[in-house]
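The chain contents come next:
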Amino acid sequence: MVVKINYIAEYHKKIQSGEINVGAYIKQVYAYVVKGLEKGNFGFDEKKAQLYIDFMQTFCRQYEGSTDLLKLSLWQKAFISCVFGIMNKEGFRQFSEVLLVVARKNGKTFLSSAIMTAMAFLDNEPGAKMHCVAPLLDQSEKAFEGVLNMIRADGELRNYLVKRRDKLEIYKTESAALAARSPKILKKSDEDEENSANKTIISRIAMNSKHNNGYNPYFCLFDELAEWEGNKGDLMYKAMTSATGGRNQPLMLSATTGGYEQHGIYDQLIEQSISFLNGESKLKRFLPFLYMIEDENKWDDLTELEKSNPNMGISPKRHFYYEQIEKARLSLTQKAEFISKFANLQQANDSAWLKASQVNDMCDCKYTLEHFRGFDGVGGVDLSKTTDLTCACVLIEYKGIKYCFAKFFMPNKYIQEAEIRDNLPYRVYAAQGLVELCDGAMVDFNKVVEWFLKIRDEYKINVPIIGYDNAMAGYFADEMRKRRYLMDDVRQGFNLSAVMRDFEGEILENRVKLCDNNLLKAHFLDVGITHDLTSDKIRPVKIEARKHIDGFVAVVDAVTIRHKHDKTYGMMFRNEGKELVNVS
C-alpha cells in the first residue's frame, strides 16, 4: 500500500538518504509514523494538514524584529503534518500528547504560538479552552503574547478577537471562508457575547500544585518543561493531561529545550519517549520529537549540533553557533548552559564553576599586603555560623588586576573535628597565618574587626566599604560602623548572577589573583553553580554538602560592592598613579 504523506514522506526520505542530519530519536519517530501509515494503523488527511500549514504561512506574522509572514521549514511542516494530519478511525487527531524538544533559537515558542492561533480559528471545538502553562506567569506570557500579536497583526483575524485583562476571546468563524481570504467579515453579535460555546478562550497559567484542578482544557502548551520543579511540575502536568476526557481531539503540547531540573516531569517524559520509540510502550496517542545531540563529547561540532538544531543555517545562521561555542569553551558555566540549551542534554544543577587550571592560574602571585601599602581597597565578609569557618577579605585593584587577600577565623575547640570532616590541614594554615584560631567553641567576631583595623592602621590600606550578609552580621556590622566603616548588605542569591558572570570573565582574562592562599584556593575549587529554574540566572553553591566556599563568598561580597559603588569610588578603587612598595 503506497500512502501519499506529503511533508512527512519528504522529510523521512531526506533523513534516510542522509541529506538531513538528525539523531536516532528523530529517525525512530518518523519511522514509526511512516510504518503506521503504511500498515493502516492510522490514516492521513493531507488536506487537513495542508490547511494548518497554509493558515500559519498566510496569517501568522513575525512580531519581534520583523513583520514578515511565517515561513515554515521542512522539519516544521513535517511536524505539523504529524500532529494535525494523522487521524484515527473516528476521524479525529490520532495524537493528543506531543513532546517537542528542540534547541534554543529554533523558533519553538513562535511555532507554538502559531499552532495555538491556527487551532483557535480552524478547529470547531465548542467552548474550547486553551492554556499557556509555565512555572511563572511571566514565562507563560511569551507564547500568550505571541498569539495576541499574530492576531492583531492581521486585518481580518483581529475582527474575531476580544482582549480581556488576562485572556483572549476568539469568536467562532467559518474557517473555510477565512482560509480563502473571503471579503466577508463575521461580526460579533450580542448573542455571541453570551454564548460561551461560540468562542475559544486562551489564557495563561502559572504552575501551582495547590490550585491545578478544575480546568477543562482543549489545548495546553507546557512551555520549557525541562525547568519545571519536581513534584509541582509533575502534579500540574498530570492534572491538565487527565482533564481532557470530554474532548474528542485535545492536544497537550510540551515544547522545551534541555534544562537543569533533575527527576521532574521532563525526565519522566524522556524516559517515556525512549520506551515508546524502542517499541516497549503500548501508548497510542503519544508522539515525541527529540532533537538532541548523541555524543556529548562533540558538543562543539556543528555536524553533531545539527541534530538538536534543525533550523541551523536558516535561523540562526551557522556563524551564530561558532560564536556561542567559542564563549562556551572559555567557561564551564557557559559550557553547561550551551550543552543544555543548544545540545538539549540535561545538565546537573550544581556543575563546577571553574577548572582547576583556572584556579591555579589565579594563585601565581607572591604579593603581600606590604606591597600595597597606601592603596585603597574594598572589603568582604562571610561570617557563617559562629561555630564554623568565617572569612574576611580585602580586594585591591592595581593596573586592572584584582588582588584578593583573605583571613579565616575558626574556633579552636573544633579544629581537629574540622580537619577530619573537611580533609584540610587547618593547624598548618594557622601556622602560616591564613587562619586565626579563636579560643573556645565560637568565632570571636571582634577578631574580624581587629583584622580590618590592622589593614588600616598597620598597612595604611584604606578600606572604606565592606560587603556583608546582614543575616549573620548584626553585632559585627555595628562594631564596624562605630569605627566609621560603611557597611553594605549583599543578599546571597540569584541576584548575584550578573556579578558572577562578570567576575568569571575577569578570571578567564587572568585579572584576578588569590595571593598565595591555599585555603582560599580550596574554596574557589569547591564552588559549584546552580541555575534558576525560570531564567538563565546563576548563583554559587557548594559542589558537595561537606565542602566550604566561605572564602569565595567573602570575595564575591567585595566584588559586588566594587561594582555597586564604581560611579562614586571607581577612581579611588582603581588606584591609578600608585606604585607597589618595594619589599626586600
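Placed above this text is the structure.
Residues numbered from 1 in each chain as written. Predicted model: local features only at pLDDT ≥ 70, side-chain atom pairs only at ≥ 80, totals over all residues. Heavy atoms only, no water.

Caption draft 1: A look at the overall build of the protein chain. Tallying secondary structure elements over the protein chain gives 22 helices and 20 strands in all. In terms of overall dimensions, the protein chain has a C-alpha envelope of 90 × 55 × 45 Å along the principal axes. In the protein chain, which comprises 584 residues, the proportion classed as buried is 54%. Partitioning the intrachain contacts of the protein chain with sequence separation of at least 6 by distance along the chain shows that 73% fall at a separation of at least 24. Summed over its atoms, the accessible surface of the protein chain is roughly 25600 Å², and 47% of this surface lies on carbon and sulfur atoms. (Helix = DSSP H or I, 4+ residues; strand = E, 2+ residues; numbered from the N terminus. Buried < 20%, exposed > 50% of the residue type's maximum accessible area, 1.4 Å probe, protein only. Contact = heavy atoms within 4.5 Å. Areas by Shrake-Rupley, 256 points an atom, 1.4 Å probe, with all protein chains shown as cover.)

Caption draft 2: Summary view of the environment of Tyr 11. With respect to the helices and strands, Tyr 11 occurs in helix α1 (residues 6-17). Of the residues examined, Tyr 11 reaches a relative accessible area of 2% and is grouped as buried. With 66 residues separating them in the primary sequence, Tyr 11 and Lys 77 have C-alpha atoms 8.9 Å apart. Those residues in contact with Tyr 11 that lie beyond four places of it in its chain are Ile 20, Val 22, Ile 26, Tyr 30, Leu 74, Trp 75, Ala 78 and Tyr 291. Engagement of the side chain of Tyr 11 in a polar contact is seen with the side chain of Tyr 291, the distance being 2.9 Å. (Polar contact = N/O pair within 3.5 Å; in protein donor to acceptor, adjacent residues only side chain to side chain.)

Caption draft 3: Inspection of the sheet that holds strand β4 (residues 129-134) at higher detail. Taken in spatial order, the eight strands line up as β5-β6-β7-β4-β8-β9-β3-β10 in an open sheet, and their pairing is mixed. Taken across any chain shown, the strands that pair with only one partner, and hence form the sheet edges, are β5 (161-163) and β10 (286-290). Averaged over all adjacent pairs, the angle separating strand axes in this sheet is 15°, with direction ignored. Its contacts with the sheet place helix α9 (residues 230-241) against β3 (97-101), β4, β7 (199-206), β8 (219-223) and β9 (251-256), and it is angled at close to 165° to β8. (Pairing = 2+ DSSP bridges. Axes fitted to C-alpha atoms, helices over the stretch in contact; angles between N-to-C directions.)

Caption draft 4: Fine view of the packing of aromatic side chains. Overall, the coordinates contain 34 aromatic pairs when judged by the stated rule. Aromatic side chains Phe 42 and Phe 95 sit 5.7 Å apart centroid to centroid with 70° between the ring planes, which places their arrangement in the edge-to-face category. Of this pair, Phe 42 sits in the loop between α2 (24-39) and β1 (43-44) while Phe 95 sits in the loop between β2 (86-87) and β3; the two residues are 53 residues apart in sequence, bridging distant segments of the chain. When sorted by exposure, Phe 42 lands in the same class as Phe 95, which is buried. With a centroid separation of 5.8 Å and an interplanar angle of 85°, the aromatic rings of Phe 276 and Phe 286 are classed as edge-to-face. Pair noted here: Phe 276 is in helix α10 (residues 265-277) and Phe 286 is in strand β10, with a separation of 10 residues, a long-range link. A relative accessible area of 5% places Phe 276 in the buried class. The exposure class of Phe 286 is buried, given its relative accessible area of 2%. Cluster of aromatic residues (ring-pair linked, three or more members): Tyr 367, Phe 372, Phe 375, Tyr 398, Tyr 403 and Phe 405. The lysine or arginine in question, Arg 539, covers the ring of Phe 494, its NZ or CZ lying 5.3 Å from the ring centre. When the ring centre of Phe 375 is taken as origin, the NZ or CZ atom of Lys 578, which lies over that ring, is 5.8 Å away. (Phe/Tyr/Trp six-rings, centres within 6.5 Å; stacked < 30°, edge-to-face > 60°. Lys NZ or Arg CZ within 6 Å of the ring centre and 35° of its normal.)

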